[in-house]
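As a plain string of letters, each chain reads:
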Amino acid sequence: MQQIGTVWASLDRRKQIIVAGAVVLVFLGVLAMSRLATAPSMTLLYAGLESGAAGDIVRSLDQRGVQYEIRGGSIYVPGSQRDELRMTLASEGLPANGNRGYELLDSLSGFGTTSQMFDAAYWRAKEGELARTIVGSPHISQARVHIANGSTNPFQRSVAPTASVYLVSSGADITSDQAKAIRFLVSSAVSGLAPENVAVIDSNGAVIGAKETAVAADSADDKSRQLRERVLRLIEARVGAGNAVVEVSVDTVTKTESIRERRFDPKGRVAISTDVEERSDSARNQSSDVTVASNLPDGDGAGEDASNSNATQTRERVNYEVSETELEVHTAPGAIKRLTVAVLVNGMRSVDASGAESFAPLPQTELDALGELVASAVGFDAERGDVITLKSLDLPAVEPGGTVVSSSIWQQVHFDAMSLVQMAVLAIVMLVLGLFVIRPILMKPALAPALLPAGTPPEPEAVLTGEIATEEGGQFAAIPGHAPADVPALAANPGADPVDRLRAMIGDKQEETVEILRSWLEESEERA
């Protein structure tokens with residue numbers, strides 16, 4: 001403390017202000033870095049929440065007095081409390097999902113609830129339960145389900161239900177396979193709903209897996225994958241694993257056709273019914289005139305001649321049915337129009353007596369045998385235009401790049417990167433302030449060791465006055481207030497010119513000379 005007070009008293013007012021400001025800045029810097037180093041590391045608690053759910057989370061954190069930060073749409077909390085807060089908030093039903101399920105039916109009472117109100121609540125609960133199930137996938141962050149059921153209208157019995165699903169992915173885009181699974185999930189949960197009547201839409205407004213192309217594309221891809229695996233398994237059984245490459249291209253029918261044909265055969269007829277009709281007629285004719293006497297039984301006309309006639313008619317009707325053939329053919333997408341198979345097989349390697357390695361392709365007989373096996377495996381049809389290409393070429397072995405991943409002890413130790421960075425910055429700042437601010441202030445100039453006699457330690461109180469006093473013979477004069485000491489001559493020749501000896505001393509002791517000149521300049525400025 002005495003040395004600090006002596007140094008402080010030897011400084012002028014301007015230097016004292018500079019030193020005081022430097023000390024204050026050092027203190028503030030150390031305080032700021034200490035706060036940064038002791039501040040908790042913030043980690044993500046929840047992100048992508050709806051406004052209402054995020055407000056409930058913030059309100060719960062305020063009630064608990066937990067420190068948190070809001071960055072955009074994300075909520076950050078101290079890393080040491082994140083897991084505990086998630087479990088605690090989950091026990092309270094937070095974050096609340098906007099899609100409410102069957103708990104909606106619990107609020108309905110038997111009094112004042114009409115059938116329309118119950119149906120609306122039921123379908124709303126069904127939509128909420130489906131949305132909950134879909135959001136359970138790690139690839140989907142948000143989901144909304146809308147079901148249009150026409151069964152509530154008694155006058156529209158033939159209306160089929162439809163549904164639409166709106167999805168927001170959590171990162172990567174939603175694939176057609178995932179959309180297909182969601183369609184089957186929704187259609188299986190709603191009675192009478194077909195998978196093709198479910199539309200899946202992403203956050204960009206695009207329909208995922210459109211009905212026109214989904215069936216044909218999935219069928220072609222599935223068939224190509226199945227044929228490729230079948231051929232690869234067959235070829236590798238002969239040439240070994242990794243020595244064959246198989247690619248299969250399947251050209252399928254992508255449109256639906258419906259053909260209905262009705263044929264009549266006039267030569268082929270069958271009697272289906274027979275109707276027989278018989279008719280009999282009788283008539284009597286008299287030859288005399290008709291009088292009153294002839295009409296009497298015993299009259300004059302009783303003995304006259306008379307003729308009788310009988311007629312019988314038979315009619316038969318036979319109904320025949322003409323032979324008829326009705327044919328209806330439906331062609332669905334997915335039928336194979338053309339098949340292309342490319343197979344690349346590695347050859348044989350041999351080493352001669354000199355150690356040189358040579359390559360030879362497989363013989364043609366073996367390639368032909370493999371080609372026949374491939375044709376049988378894929379169902380080759382020459383009339384359909386199928387093509388099979390089988391070649392034996394050199395497949396170079398490519399060494400994997402990079403280094404082998406191995407576990408180390410550092411992977412088992414958890415470090416907070418932000419805390420380490422803050423501590424490193426704090427240490428660097430403290431080191432810089434100590435070396436370039438505090439140390440120059442506390443140090444004070446001392447006599448050069450070269451100007452003292454050999455074996456004599458330098459005195460801490462000795463200071464340079466900027467004056468060179470010499471006696472006759474080139475010896476230094478004693479400094480007032482100090483004990484005289486034997487100081488060696490400035491030059492080996494005592495009779496030399498003092499100016500030459502001074503120049504020699506300046507050349508040998510440049511740093512001490514600069515200090516003396518600087519002290520002269522500071523004294524001249526203070527006197528002025």
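Up top you'll find the structure we're talking about.
Notes on the structure follow. (Residues numbered from 1 in each chain as written. Predicted model: local features only at pLDDT ≥ 70, side-chain atom pairs only at ≥ 80, totals over all residues. Heavy atoms only, no water.)

### Here's the deal with a nonpolar patch on the surface
Going by this rule: Nonpolar side chains (Val, Leu, Ile, Met, Phe, Trp, Tyr) within 5 Å and like charges within 9 Å form the patches, drawn only from residues with over 30% relative accessible area and no salt bridge. Note on areas: Shrake-Rupley, 1.4 Å probe, and residue coverage restricted to the protein chains presented here. When a carboxyl oxygen of Asp or Glu lies within 4 Å of a side-chain nitrogen of Lys or Arg, that pair is called a salt bridge. Numbered from the N terminus, helices here are DSSP runs of H or I no shorter than four residues, and strands are runs of E no shorter than two. Classification of residues uses two cut-offs on accessible area relative to the type maximum, computed with a 1.4 Å probe and protein chains only: under 20% is buried, over 50% is exposed, and between them is partly exposed.
Among the surface-exposed residues, Val24, Leu25, Phe27, Leu28 and Leu31 lie close enough to one another that they form a single nonpolar patch of about 520 Å² accessible area. When you line up the elements, Val24 lands in helix H2 (residues 13–38). Classification of Val24 by relative accessible area gives partly exposed; the value is 47%.

### Digging into the side chain of Ser74
We count it as follows: Contact definition: two residues touch when any of their heavy atoms are within 4.5 Å.
Within the secondary structure layout, Ser74 lies in strand E3 (residues 74–78). Other than its neighbours up to four places away in sequence, Ser74 contacts Leu44, Tyr46, Ala47 and Glu69.

### A closer look at the pairing of strand E5 (residues 162–169)
Under the convention used in this document: The pairing criterion is simple: DSSP has to find at least two bridges between the two strands. Crossovers are described as right-handed under a simple rule: with the strands pointing away from the observer, the path leading from the first strand over the helix to the second runs clockwise.
Here strand E4 (residues 140–148) runs beside E5; their pairing, made up of eight bridges, is antiparallel. From the neighbouring strand, Ala148 faces E5, where its bridge partner is Thr162. Relative to strand E6 (residues 198–201), E5 runs parallel, the two being bridged by four bridges. When the bridges of E6 are listed, Ser164 appears paired with Ala199. With helix H6 (residues 176–189) bridging E5 and its parallel neighbour E6, the resulting β-α-β unit is right-handed.

### Remarks on the packing of helix H5 (residues 115–135) against H6
Filter applied, for reference: Angles run from 0 to 180 degrees between N-to-C directions of axes, and those axes are lines fitted to C-alpha atoms, restricted for helices to the stretch in contact. Working rule for angles: under 35 degrees goes down as roughly parallel, over 145 as roughly antiparallel, 65 to 115 as roughly perpendicular, anything else as oblique. The handedness criterion is simple: a crossing whose near helix is rotated anticlockwise from the far helix by less than a right angle is left-handed, and one whose near helix is rotated clockwise is right-handed. Under the scheme applied here, ten amino acids are nonpolar (Ala, Val, Leu, Ile, Met, Phe, Trp, Tyr, Cys and Pro), four are charged (Asp, Glu, Lys and Arg), and all others, including Gly, are polar.
Where H5 meets H6, the closest approach of the two axes is 11 Å, and the angle between their N-to-C directions is 150 degrees. Between H5 and H6, the angle is such that the two are roughly antiparallel. In this structure, H5 meets H6 at a crossing whose hand is right-handed. Residues Lys126, Leu130, Thr133 and Ile134 of H5 form the contact with H6, whose own contacting residues are Ile182, Leu185, Val186 and Ala189. Considered class by class, the residues forming the contact of H5 with H6 number six nonpolar, one polar and one charged.

### As for the sheet that holds strand E7 (residues 244–252)
Within a sheet, neighbouring strands are paired by backbone hydrogen bonds and run either parallel or antiparallel to one another. Spatially, three strands are ordered E7-E10-E13 in an open sheet, and the strand pairing comes out mixed. Of all the strands in the sheet, just E7 and strand E13 (387–393) have a single pairing partner and so form its edges. Between one strand axis and the next, the sheet turns through 10 degrees on average, direction left out of account. Where strand E10 (residues 336–346) meets E13, seven bridges bridge the pair, whose relative direction is parallel. The residue bridging Val345 from the neighbouring strand is Ser392, located in E13. Strands E10 and E13 of the sheet are contacted by helix H9 (residues 364–378), whose axis makes an angle of about 145 degrees with E13.

### Considering the pattern of salt bridges
Applying the stated criterion across every chain, the model contains 13 salt bridges. For Asp56, the salt bridge identified is with Arg59, shortest N-O distance 2.9 Å. Here the residue Asp56 and the residue Arg59 both occupy positions in helix H3 (residues 51–64), the gap between them amounting to three residues, near one helical turn. Arg59 gets classed as partly exposed once you look at its relative accessible area, which sits at 46%. Residue Glu92 is joined to Arg64 by a salt bridge in which the shortest nitrogen-to-oxygen separation is 2.3 Å. Separated by 28 residues along the polypeptide, Glu92 in the loop between helix H4 (82–91) and H5 and Arg64 in helix H3 bring together distant segments of the chain.

### What to know about the packing of H3 against H4
Where H3 meets H4, the axes come as close as 12 Å, and the angle between the chain directions of the two elements is 115 degrees. For the element pair H3 / H4, the angle class is roughly perpendicular. Both H3 and H4 take part in a crossing whose hand is right-handed. Every residue of H4 that contacts H3 at Ile57, Ser60, Leu61 and Arg64 is listed here: Leu85, Thr88 and Leu89. Class assignment of the residues belonging to the contact of H3 with H4 gives a composition of four nonpolar, two polar and one charged.

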